Amino acid sequence: MLYGTLDVLQEMPPWQGGGNMIADVTLERSIYQGPPNKFEAGTGNIADAVGLGEALRYVQRVGIERISAYEHTLLEYATPRLADIPGLRLVGTADHKASVLSFVLAGHDEIAVGKALDQEGIAVRAGHHCVQPILRRLGLEQTVRPSLAFYNTTQEVDVLVDAVRRIAASPGA
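Below you will find a few notes about this structure. This is a predicted model, so every value here is computed, not measured.

**Quick word on helix H6 (residues 154-169)**
For an α-helix, the turn length of 3.6 residues means that residues three or four places apart are oriented alike.
Argument step 1. Taking 1.5 Å as the rise per residue, H6 with 16 residues should run 22 Å; its terminal C-alpha atoms sit 22 Å apart, in good agreement.
Argument step 2. Residues of H6 that are buried: Val 157, Leu 160, Val 161, Ala 163, Val 164 and Ile 167. Buried residues of H6, viewed axially, fall in a sector of 165°; they line one side. Turned more than 90 degrees from where H6 packs its buried face, Gln 155 and Ala 169 sit exposed.
Argument step 3. Those residues of H6 that are buried are in contact with helix H3 (64-83), strand E3 (88-91), strand E4 (102-105) and helix H4 (110-119).

See below:
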């Protein structure tokens, strides 16, 4: 996103070229459209705009409160099951939190845990999650982070828990 006063935007040169930003081109010069078009090189991202609109309509139909309540139910289901795994430490246990579970597994590298889960078809994020200062404050460098969404099920949580339990019981990486 670019924000600026009209006079500044009119004086600024475009930082990329192409597409609808051009008013006229000759071999000697290019004349750009006025703002904001002169900063929009190439064809606009129409497919993503349409997709975002449909996603918003879908969320409105389902209801954001209903989605939030379901995700919280999944979080309440998953938290004690993961916490029960020997050697697993949950990171971030606030009462009112999003349906995201970060953890470390004693004796196991978090990236290796993420890869092992991926091999079982379970998508998680493993790494520092762009929050290195807070992780270091907690004595950590990285975590494994499954995120639960309203399209997940308790059965999928069980699959995650079983997989993490197997990884925890295996020799560390």
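Next, the rest of the story.
**Quick notes on the environment of Arg 165**
Argument step 1. Mapped onto the elements of the fold, Arg 165 is located in helix H6.
Argument step 2. Dropping the residues within four chain positions of it, Arg 165 is found in contact with Arg 81, Asp 84, Ile 85 and Pro 86.

**Quick notes on the packing of H3 against H6**
Argument step 1. One way to put it is that H3 packs onto H6 with a least axis distance of 10 Å and a crossing angle of 20°. Comparing their axes, H6 and H3 come out roughly parallel. Between H3 and H6 lies a crossing of right-handed hand. Along the contact surface, H3 presents Leu 74, Tyr 77, Ala 78, Arg 81 and Leu 82, while H6 presents Thr 154, Val 157, Asp 158, Leu 160, Val 161, Val 164 and Arg 165.

**Concerning the pattern of salt bridges**
Two side chains that carry opposite charge are able to pair once their charged atoms sit near each other.
Argument step 1. For the structure shown, the criterion picks out six salt bridges.
Argument step 2. Its salt-bridge partner being Asp 84, residue Arg 165 comes within 3.9 Å of it at the nearest N-O pair. Within this pair, whereas Arg 165 is found in helix H6, its partner Asp 84 is found in the loop between H3 and E3, the two being separated by 81 residues in sequence.
Argument step 3. For Asp 84, a relative accessible area of 53% puts it in the exposed group.

**Thoughts on the packing of H4 against H6**
Argument step 1. For the pair H4 and H6, interaxial distance at closest approach is 10 Å and the crossing angle is 130°. Considering their axes alone, H4 and H6 lie oblique with respect to each other. For the pair H4 and H6, the crossing hand works out as right-handed. Seen from H4, the contacting residues are Val 113, Ala 116 and Leu 117; seen from H6, they are Leu 160, Ala 163, Val 164 and Ile 167.
Argument step 2. Residue composition of the contact of H4 with H6, grouped by class: seven nonpolar, no polar and no charged.

**Points about the nonpolar core**
Argument step 1. Of all hydrophobic cores here, the largest spans 21 residues; its most connected members are Leu 82, Leu 88, Leu 117 and Val 164.
Argument step 2. For this core, the secondary structure elements donating two or more residues are H3, E3, E4, H4 and H6.
Argument step 3. Here the element with the most residues in this core is H6; it accounts for six residues.
Argument step 4. Every residue in contact with Val 164, bar those within four places of it in the chain, is listed here: Leu 82, Ile 85, Leu 88, Phe 103, Leu 105 and Leu 117.

**Regarding the side chain of Thr 143**
Argument step 1. With respect to the helices and strands, Thr 143 occurs in strand E6 (residues 143-145).
Argument step 2. Accessibility expressed as a relative area gives 1% for Thr 143, which makes it buried.
Argument step 3. Looking at Thr 143, its side chain comes within polar contact range of the side chain of His 129, at 2.8 Å.
Argument step 4. Apart from the residues lying within four places of it in its own chain, the contact partners of Thr 143 are Val 91, Ser 102, Phe 103, Val 104, Glu 110, Arg 125, Ala 126, Gly 127, His 129 and Leu 135.

**Regarding the packing of aromatic side chains**
Argument step 1. Throughout the structure, instances matching the rule amount to two aromatic pairs.
Argument step 2. Joined through ring pairs, the aromatic side chains of Tyr 58, Phe 150 and Tyr 151 make up one cluster.
Argument step 3. One residue, Arg 81, lies across the ring of Tyr 77, its end atom 3.5 Å from the ring centre.

**With respect to unusual backbone geometry**
Argument step 1. With an omega of 5°, the peptide bond between Pro 35 and Pro 36 qualifies as cis.
Argument step 2. Locating Pro 36 in the fold gives a position in the loop between strand E2 (30-32) and helix H2 (46-62).
Argument step 3. Phi angles above zero are rare outside glycine, and His 129 is one such case at about 55°.
Argument step 4. The topology assignment puts His 129 in the loop between strand E5 (125-127) and helix H5 (132-137).
Argument step 5. Positive phi outside glycine occurs at Cys 130, with the angle close to 60°.

Criteria and thresholds
- Residues numbered from 1 in each chain as written.
- Predicted model: local features only at pLDDT ≥ 70, side-chain atom pairs only at ≥ 80, totals over all residues.
- Heavy atoms only, no water.
- Helix = DSSP H or I, 4+ residues; strand = E, 2+ residues; numbered from the N terminus.
- Expected span 1.5 Å × (residues − 1).
- Buried < 20%, exposed > 50% of the residue type's maximum accessible area, 1.4 Å probe, protein only.
- Arc of directions from axis to C-beta.
- Contact = heavy atoms within 4.5 Å.
- Axes fitted to C-alpha atoms, helices over the stretch in contact; angles between N-to-C directions.
- Parallel < 35°, antiparallel > 145°, perpendicular 65-115°, else oblique.
- Left-handed = near helix turned anticlockwise from the far one by under 90°.
- Salt bridge = Lys/Arg side-chain N within 4 Å of Asp/Glu carboxyl O.
- Nonpolar A, V, L, I, M, F, W, Y, C, P; charged D, E, K, R; others polar.
- Core = buried A, V, L, I, M, F, W, Y, C linked by side-chain atoms within 4.5 Å.
- Polar contact = N/O pair within 3.5 Å; in protein donor to acceptor, adjacent residues only side chain to side chain.
- Phe/Tyr/Trp six-rings, centres within 6.5 Å; stacked < 30°, edge-to-face > 60°.
- Lys NZ or Arg CZ within 6 Å of the ring centre and 35° of its normal.

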